[in-house]
Amino acid sequence: LFALTLRRTGVDPILDGIGRVGVGFPAILALAGARLWLRAKAWTLCTDHPAALPTAAAFRAVLAGDALGNLTPLGLLASEPAKAALVRRHVPLFTALSGIAIENLLYTVSVALVIVAGTAAPLLTFDLPRTMRLASLGVMAAAVGSVAAGVVVLARGWRPLSGLVTWLARYVPRALRALPGRLREIEDRVFGFHQHHPDRLGRVLALDAAFHTLGVAEIWLTLALLTGTWYGPLTGFVLEAVNRAITVAFKFVPLRLGVDEAGTEVLTRALGLASGLGVTMAIVRKARVLAWSAVGVVLLARRG
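Reading the values: rules and limits
Residues numbered from 1 in each chain as written. Predicted model: local features only at pLDDT ≥ 70, side-chain atom pairs only at ≥ 80, totals over all residues. Heavy atoms only, no water. Helix = DSSP H or I, 4+ residues; strand = E, 2+ residues; numbered from the N terminus. Rg over C-alpha atoms; globule rule 2.2 N^0.38 Å. Buried < 20%, exposed > 50% of the residue type's maximum accessible area, 1.4 Å probe, protein only. Expected span 1.5 Å × (residues − 1). 1 Å grid on protein atoms, 1.4 Å probe; cavity = no way out; pocket = protein on both sides within 12 Å on 5 of 7 lines; lining within 4 Å. Points joined across faces, edges and corners; volume = space filled by probe spheres on them. Nonpolar A, V, L, I, M, F, W, Y, C, P; charged D, E, K, R; others polar. Salt bridge = Lys/Arg side-chain N within 4 Å of Asp/Glu carboxyl O. Contact = heavy atoms within 4.5 Å.

Visitor: Is there a simple way to explain the overall build of the protein in this structure?
Guide: Broken down by element type, the protein carries 14 helices and zero strands. Helices and strands in the protein line up, N terminus first, as α-α-α-α-α-α-α-α-α-α-α-α-α-α. A compact globule built from 304 residues would reach a C-alpha radius of gyration of about 19 Å, and the protein, at 20 Å, matches this within 12%. With the principal axes as the frame, the protein shows a C-alpha extent of 60 × 45 × 40 Å. In the protein, which comprises 304 residues, the share counted as buried stands at 46%.

Visitor: How should helix α11 (residues 198-227) be read in this particular structure?
Guide: The α-helix advances 3.6 residues per turn, and as a result positions three or four apart in sequence lie on the same side. Given a rise of 1.5 Å per residue, 30 residues ought to cover 44 Å, and the 45 Å separating the end C-alpha atoms of α11 matches this to within 8%. Note on α11: the residue one or two positions beyond its end, Gly228, has a positive phi of about 75 degrees.

Visitor: Explain the layout of surface pockets here, please?
Guide: Over the atoms, a rolling probe the size of a water molecule traces out where space has been left empty. Approximately 220 Å³ is the volume found for the second largest pocket. Where the lining of the second largest pocket is concerned, the elements lending two or more residues are α4 (55-71) and α14 (277-303). When the residues that make up the lining of the second largest pocket are grouped by side-chain class, the tally is six nonpolar, one polar and four charged.

Visitor: Could you clarify how one ought to interpret the pattern of salt bridges in this entry?
Guide: Pairing between side chains of opposite charge can happen when the charged atoms of each approach one another. Evaluation of the coordinates by the stated rule reveals twelve salt bridges. Among the salt bridges present, the one from Glu218 reaches Arg288, with a minimum N-O distance of 2.8 Å. Taken together, the residues span a long stretch of sequence, with Glu218 in helix α11 and Arg288 in helix α14 at a distance of 70 residues. Overall, Arg288 belongs to the buried group, its relative accessible area being 11%. Through salt bridges with shared partners, a single network forms among Arg35, Glu218, Glu240, Arg244 and Arg288.

Visitor: Can you walk me through empty space enclosed by the protein in this structure?
Guide: Inspection of the entire model under this criterion finds two cavities of 30 Å³ or more. Approximately 50 Å³ is the volume found for the largest cavity. Forming the boundary of the largest cavity are Ile28, Glu218, Ile219, Thr222, Met281, Val284 and Arg285. Looking at the lining of the largest cavity, the elements that each hand over two or more residues are α11 and α14. Of the residues contributing to the lining of the largest cavity, the split by class is four nonpolar, one polar and two charged.

Visitor: Just checking my understanding: could you explain the environment of Leu106 for this structure?
Guide: By secondary structure assignment, the location of Leu106 is in helix α6 (residues 93-125). Residues Leu106 and Asp208 lie 102 residues apart in sequence; the distance between their C-alpha atoms is 8.1 Å. Dropping the residues within four chain positions of it, Leu106 is found in contact with Cys46, Phe193, Leu201, Val204, Leu205 and Asp208.

Visitor: It is not clear to me how helix α12 (residues 233-249) should be interpreted in this structure. Could you clarify?
Guide: For α12, with 17 residues, the first-to-last C-alpha span of 24 Å sits near the 24 Å given by 1.5 Å per residue. Burial runs high along α12: twelve of the 17 residues are buried. Buried residues of α12: Thr235, Gly236, Val238, Leu239, Glu240, Ala241, Val242, Asn243, Arg244, Ala245, Ile246 and Thr247, and no others.

Structure below.
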């Protein structure tokens, strides 16, 4: 898909666009790093004792864990447990995992809201092709359905993960049969987070909102560097929403190679932007992901 997209758009406009980014790339890197720091800060607030997990340690673990998630097909199966394992000097493993689960749950809600708003906006303001309209409606329906399902699970107090593992426990070695109880402990902490720490929920959601705001700013800056034109915030918001949707749907694809370029290119053309601009934006995004992933790999190597 990556090769096909390059063939259709041509290499010359992409190379020209990358050259125009130039000295502005460190600013893009800084915005991306600030977003990762916001996620790390939110994680510390989602643990039972935030002071026990320094933000600097959480930030290093986020960099290392995301490097595993971005560079391998394992995605969240690699990144989230790795983050918890990397902060065991500060908090117990299951405390770290509980905090990660809570932070991911709240982050997922914020992502769903961004996706719904970001896919609704072009439907109302741009003349999109019929296939793109149908795809946007499908993405909106999936996001709304996911949030609705999560609300039902939380409202009814269901324990789907520990229940499934309990059922599977009869088929696993005896050494693993204590796992359902530990998973139930994590679920209890997730369900009881708001009751035990009502003052933190708003702060975590504010950090998630800042994360998405910086994402729009990053795209806005990248567009300005590539085109020399300062587009309105709506264009940046729509592109960020599509980027979030691609990240969620194709997390298992290392670096979202191909799908990011193709999806962003289709959208930028539908918005009336120049050919090759979407592919170039996706490649610039990959460059900053690789830069921060390289830092994460170094941190992993230092830990052994």
